[in-house]
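Architecture and fold: a report
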Amino acid sequence: MAKIKLNNIFLRPKKHAHKLEERDTFCRTCGEFILEGICFYNNVCEVCRYTIEDSDKYCANCGILTGEISGEEFYDKGKKITKSEFTTFKKL
Ligand SMILES: [Zn+2]
Ligand SMILES: [Zn+2]
């Protein structure tokens, strides 16, 4: 038993000169695309999918020894994607 590494892509607002509202995709003032994609990694328990911190030796939800990373999964804004799709994004 072990843990699974989740590789996530999500979009967040860039630093921008004009005032932005939450969930805007384009600037209301100048029309610029104001989001940027960033990668974010976290580990979850292989058994129960509970979030596991790097310092955790045991899963805080089900109690298994977390051990080494046994697999990887890739997500784009919550949607599961393939490793090659994820790698393509990282090169952008
Ligand atoms: Zn603007
Ligand atoms: Zn667990």
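Every value quoted in this text rests on a predicted model; they were computed, and no experiment measured them. (Residues numbered from 1 in each chain as written. Chains lettered and ligands numbered in written order. Predicted model: local features only at pLDDT ≥ 70, side-chain atom pairs only at ≥ 80, totals over all residues.)

**A few points about the pairing of strand 2 (residues 35-45)**
With 11 bridges connecting them, strand 1 (residues 3-13) and strand 2 associate as antiparallel partners. Residue pairing across strands places Leu-6 opposite Asn-42, the latter belonging to strand 2. A loop of five residues connects strand 2 with strand 3 (residues 51-52), the two strands running antiparallel in sequence, and Arg-49 in this loop sits at a positive phi of about 65 degrees. (Pairing = 2+ DSSP bridges. Helix = DSSP H or I, 4+ residues; strand = E, 2+ residues; numbered from the N terminus.)

**Section: the pairing of strand 1**
Bridging between strand 1 and strand 4 (residues 69-76) involves seven bridges; their strand directions are parallel. Looking at strand 4, one finds that Lys-3 is bridged to Ile-69.

**Structural notes on the environment of Thr-25**
One can find Thr-25 in the loop between strand 1 and strand 2. A residue is classified by how many C-beta atoms lie within 10 Å of it, and Thr-25, with 10 of them, is exposed. For the pair formed by Thr-25 and Arg-12, sequence separation is 13 residues and the distance between their alpha carbons is 9.4 Å. Once you skip the residues sitting within four places of it in the chain, Thr-25 turns out to touch Phe-33 and Leu-35. (Buried ≥ 20, exposed ≤ 12 C-beta atoms within 10 Å, placed from the backbone. Contact = placed C-beta atoms within 7 Å.)

**A look at the sheet that holds strand 2**
Read from one edge to the other, the open sheet built from five strands follows the order 3-2-1-4-5, with strand pairing classed as mixed. Edge positions in the sheet fall to strand 3 and strand 5 (79-81), since each of these pairs with one other strand and no more.

**Side note on the confidence of the model for the protein**
Mean pLDDT for the protein: 92, with 97% of residues reaching 70 or above. The spread of mean pLDDT over the elements of the protein runs between helix 1 (residues 83-91), the lowest at 85, and strand 3, the highest at 96. (pLDDT = per-residue confidence, 0-100.)

**Observations concerning the environment of Gly-31**
One can find Gly-31 in the loop between strand 1 and strand 2. For Gly-31 and Tyr-50, which are 19 residues apart along the polypeptide, the C-alpha to C-alpha distance reads 40 Å.

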